[in-house]
Amino acid sequence: MNNAVLYQKHNIISKNDALKCLEEYGQLITWKNGKITVLDLGCGDGSVTTSILKRFIPNNCERLVGCDISESMVKYANEHYANDHTSFMVLDIEGDLPNELRGNFDHAFSFYAMHWIQNQEVGFRNIYDLLSEGGECFLVFLSQWPMFDVYRTLSRSTKWKLWMEDVERFISPYHDCQEPEKKVKQLMMSIGFTSVEVECLQKTFVYPDLDVLKGSVTSINPFKIPKDLEEDYVVDFFNVLRDLRVIDHASSNVDEPIKATFNYHLIVAKGRK
Ligand SMILES: C[S@@+](CC[C@H](N)C(=O)[O-])C[C@H]1O[C@@H](n2cnc3c(N)ncnc32)[C@H](O)[C@@H]1O
């Protein structure tokens, strides 16, 4: 998922959830006094950072930094959203932190990115290390998600397995977990976070028609499916979603668009250094 233009157009669920979670839990954040710096981890194209997160950040913020592992996402974000206070940089949440970034941020946010981090301990420790003393993180990410089941099913088929060998890298480490909130809380506390609060929300999102869903499937597709097979991949993807009853089989009204109903689990985690 390196195509920022495509992602920008189709990231409706993450936009929706970032907004709802900030509206619902934003008042739990204890913003620091004085000049503050804010980080958005896994910022993607930068639209959530600048059109949603920014609305909730108080005026004493002197620097907002978005970071992402994808160079093309960061380039797009810098071209479209950077200004005197806002900038974007390449950073791997799961990698070695540059020393100059340690302890540099008063608040760290992340939307729909932490489920990509396979080594959760390294990811959470890095967030801890990026924060200043008393700094807080607010993280929103997926545990269960129907597309992860589709990835697994397709990766077992003779037709797609060649391109999906590394499938588990793109499935949330909490997808098969019954009480992910307990695991995340334990991990955060073991790293040293205090005032840890973690909730697992049961959510539903209805894609109003299959074109919108197609946009979403293609814009977040992490596999290197050859261009000429992309259409075929979406057809098979939809067929698995039909088997899982995520896509309606039949509608009484033929003129009515066919909807897709995603039931999924979202983790909202907050902690202080
Ligand atoms: C689904 S997008 C979410 C983007 C944005 N936060 C939003 O809510 O629209 C996930 C982003 O996480 C980034 N990402 C994945 N692994 C990462 C890592 N190890 N370090 C930093 N960013 C990562 C991806 O490149 C992608 O842009």
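Not measured: the values here are computed from a predicted model.

**Student:** Mind showing me how you'd approach the packing of aromatic side chains here?
**Tutor:** Under the defined criterion, the tally for this structure stands at 18 aromatic pairs. Relative to phenylalanine 223, the ring of tyrosine 151 has its centre 5.0 Å away and its plane inclined at 90°; by these criteria the two rings are edge-to-face. On the criterion of sequence distance, the pair formed by tyrosine 151 in helix 6 (residues 146-155) and phenylalanine 223 in the loop between helix 8 (210-219) and helix 9 (230-243) is long-range, its members being 72 residues apart. Look at tyrosine 151 and you get buried, because its relative accessible area is 4%. Ring geometry for tryptophan 160 and tryptophan 163: centres 6.2 Å apart, planes at 55°, overall tilted. According to the relative accessible area criterion, tryptophan 160 is buried, its value standing at 1%.

**Student:** Hey, could you run me through the site of the ligand in this one?
**Tutor:** Taken together, 19 residues form the shell around the ligand, and within it Tyr7, Gly42, Asp68, Asp92 and Phe111 come nearest. At 2.8 Å from a nitrogen atom of the ligand is found a main-chain nitrogen or oxygen belonging to glycine 42. In this structure, aspartate 68 approaches the ligand through a side-chain N or O atom, which is 2.6 Å from an oxygen atom. Looking at the shell around the ligand residue by residue, the class counts come to 12 nonpolar, 5 polar and 2 charged.

Calculation notes
- Residues numbered from 1 in each chain as written.
- Predicted model: local features only at pLDDT ≥ 70, side-chain atom pairs only at ≥ 80, totals over all residues.
- Heavy atoms only, no water.
- Phe/Tyr/Trp six-rings, centres within 6.5 Å; stacked < 30°, edge-to-face > 60°.
- Helix = DSSP H or I, 4+ residues; strand = E, 2+ residues; numbered from the N terminus.
- Buried < 20%, exposed > 50% of the residue type's maximum accessible area, 1.4 Å probe, protein only.
- Near = heavy atom within 4 Å.
- Polar contact = N/O pair within 3.5 Å; in protein donor to acceptor, adjacent residues only side chain to side chain.
- Nonpolar A, V, L, I, M, F, W, Y, C, P; charged D, E, K, R; others polar.

Everything listed is a geometric property; what it means functionally is a separate question.
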